[in-house]
Every structure is written in structure tokens, then in C-alpha cells.
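What follows is the residue order along each chain.
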Amino acid sequence: MNLHDQIYQSIRKLEKAANQLNWEDPKVYKTYLAQTYYYVRYITRIIARAASHCTPEQADLFKLLTHGLQEEKDHDQLAIRDLAQLNCSPSDFPELA
């Protein structure tokens, strides 16, 4: 199995698990939002680091990564705002592994 297939298989496994969650439960949704916050506050730095390793010959990959960097910008604020609407904040939830 190649790397693409392994990644796709892992995504499908996560999708199946996510679909089994009780999204009607406010605690589940709040936990999801908090974990989203913790993830997206790092992802822009991870993408920037990956882009910094691109060689000039990898210009297409560099463009893709820097575009993705802009796409992720301020997503942590969206999670904070959604949690505030639910009368809580990310600090009410531990950051999970």
C-alpha cells in the first residue's frame, strides 16, 4: 500500500469514528470546538515550516502550502467565537493528544 492509500485509509477511519459521535450532545460539540482551537492555532506554523523546506524546484508545492496558510488564518478565532456563543472557552477543556 502506498503512502496516499495509507493516508486515505486513515482519513476514512477517522471519518467513521466522527460519524459515530453524538453531535447532539452539547459537551461533544464543545469538546470538538476546543480541540479544533488547539489544533488550528498550531497548523499555520506547521504549514509555514513545511513551506520553508521547499526547494525552488518545488514551486507548485510551495504555492499550495502558502495558499493553505492563508486559508487557515484566524480559524482559531472562529472556534473561540463559537465556544463563546455556548458560554465557554477553550480553557474549559484540556488539550487532548
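Worth saying up front: this structure is predicted, and the values here are computed from it rather than measured.

### Looking at the packing of aromatic side chains
In total, this model carries 3 aromatic pairs according to the counting rule given. Seen from their ring centres, Trp23 and Tyr32 are 5.2 Å apart, and the 85° between their planes marks the pair as edge-to-face. Ring centres of Tyr29 and Tyr32 lie 6.3 Å apart, and the angle between their planes is 20°; on these two criteria the pair is classed as stacked. Here Tyr29 pairs with Tyr32, and both are found in helix α2 (residues 26–52), just 3 residues apart, close to one helical turn. Here Tyr32 falls in the partly exposed class, since its relative accessible area comes to 42%.

### Focus: the pattern of salt bridges
One pass over the structure, following the stated rule, counts 2 salt bridges. Residue Glu95 pairs with Arg41 through a salt bridge whose shortest N-O separation is 3.7 Å. You can see Glu95 sitting in the segment after α4 (75–85) and its partner Arg41 sitting in helix α2, a full 54 residues away along the chain.

### Some remarks on a nonpolar patch on the surface
Taken together, the side chains of Leu21, Trp23, Tyr29, Tyr32 and Leu86 present a nonpolar region at the surface, about 450 Å² in accessible area. Within the secondary structure, Leu86 is located in the segment after α4. You can call Leu86 partly exposed: its relative accessible area is 31%.

### Examining the packing of α2 against α4
Contact pair α2 / α4: the axes reach a minimum separation of 8 Å and the direction vectors enclose 155°. Viewed along their axes, α2 and α4 adopt a mutual orientation that is roughly antiparallel. By crossing handedness, the relation of α2 to α4 is classed as left-handed. Taking contact as the criterion, the partners of Tyr29, Lys30, Leu33, Ala34, Tyr37, Val40 and Arg41 in α2 are, on α4, His75, Asp76, Ala79, Ile80, Asp82 and Leu83. Tallied by class, the residues present in the contact of α2 with α4 amount to 8 nonpolar, 1 polar and 4 charged.

### Describing the nonpolar core
Grouped together as the largest cluster of nonpolar side chains are 8 residues: Leu33, Ala34, Tyr37, Tyr38, Ala79, Leu83, Cys88 and Phe93. Of all the secondary-structure elements, those providing two or more residues to this core are α2 and α4. At 4 residues, α2 tops the list of elements feeding residues into this core. In this view, Cys88 contacts Lys30, Leu83 and Phe93; residues no more than four positions away in its chain are not counted.

### With respect to the layout of surface pockets
When its volume is computed, the largest pocket comes out at roughly 230 Å³. Looking at the largest pocket, the residues that line it are Leu21, Val28, Thr31, Tyr32, Gln35, Thr36 and Tyr39.

### Thoughts on the environment of Cys88
With respect to the secondary-structure elements, Cys88 resides in the segment after α4. When the C-alpha positions of Cys88 and Ala34 are compared, they lie 9.4 Å apart, and in sequence the two are 54 residues distant.

Conventions we followed
- Residues numbered from 1 in each chain as written.
- Predicted model: local features only at pLDDT ≥ 70, side-chain atom pairs only at ≥ 80, totals over all residues.
- Heavy atoms only, no water.
- Phe/Tyr/Trp six-rings, centres within 6.5 Å; stacked < 30°, edge-to-face > 60°.
- Helix = DSSP H or I, 4+ residues; strand = E, 2+ residues; numbered from the N terminus.
- Buried < 20%, exposed > 50% of the residue type's maximum accessible area, 1.4 Å probe, protein only.
- Salt bridge = Lys/Arg side-chain N within 4 Å of Asp/Glu carboxyl O.
- Patch = residues over 30% accessible without salt bridge, like charges linked within 9 Å, V, L, I, M, F, W, Y side chains within 5 Å.
- Areas by Shrake-Rupley, 256 points an atom, 1.4 Å probe, with all protein chains shown as cover.
- Axes fitted to C-alpha atoms, helices over the stretch in contact; angles between N-to-C directions.
- Parallel < 35°, antiparallel > 145°, perpendicular 65-115°, else oblique.
- Left-handed = near helix turned anticlockwise from the far one by under 90°.
- Contact = heavy atoms within 4.5 Å.
- Nonpolar A, V, L, I, M, F, W, Y, C, P; charged D, E, K, R; others polar.
- Core = buried A, V, L, I, M, F, W, Y, C linked by side-chain atoms within 4.5 Å.
- 1 Å grid on protein atoms, 1.4 Å probe; cavity = no way out; pocket = protein on both sides within 12 Å on 5 of 7 lines; lining within 4 Å.
- Points joined across faces, edges and corners; volume = space filled by probe spheres on them.

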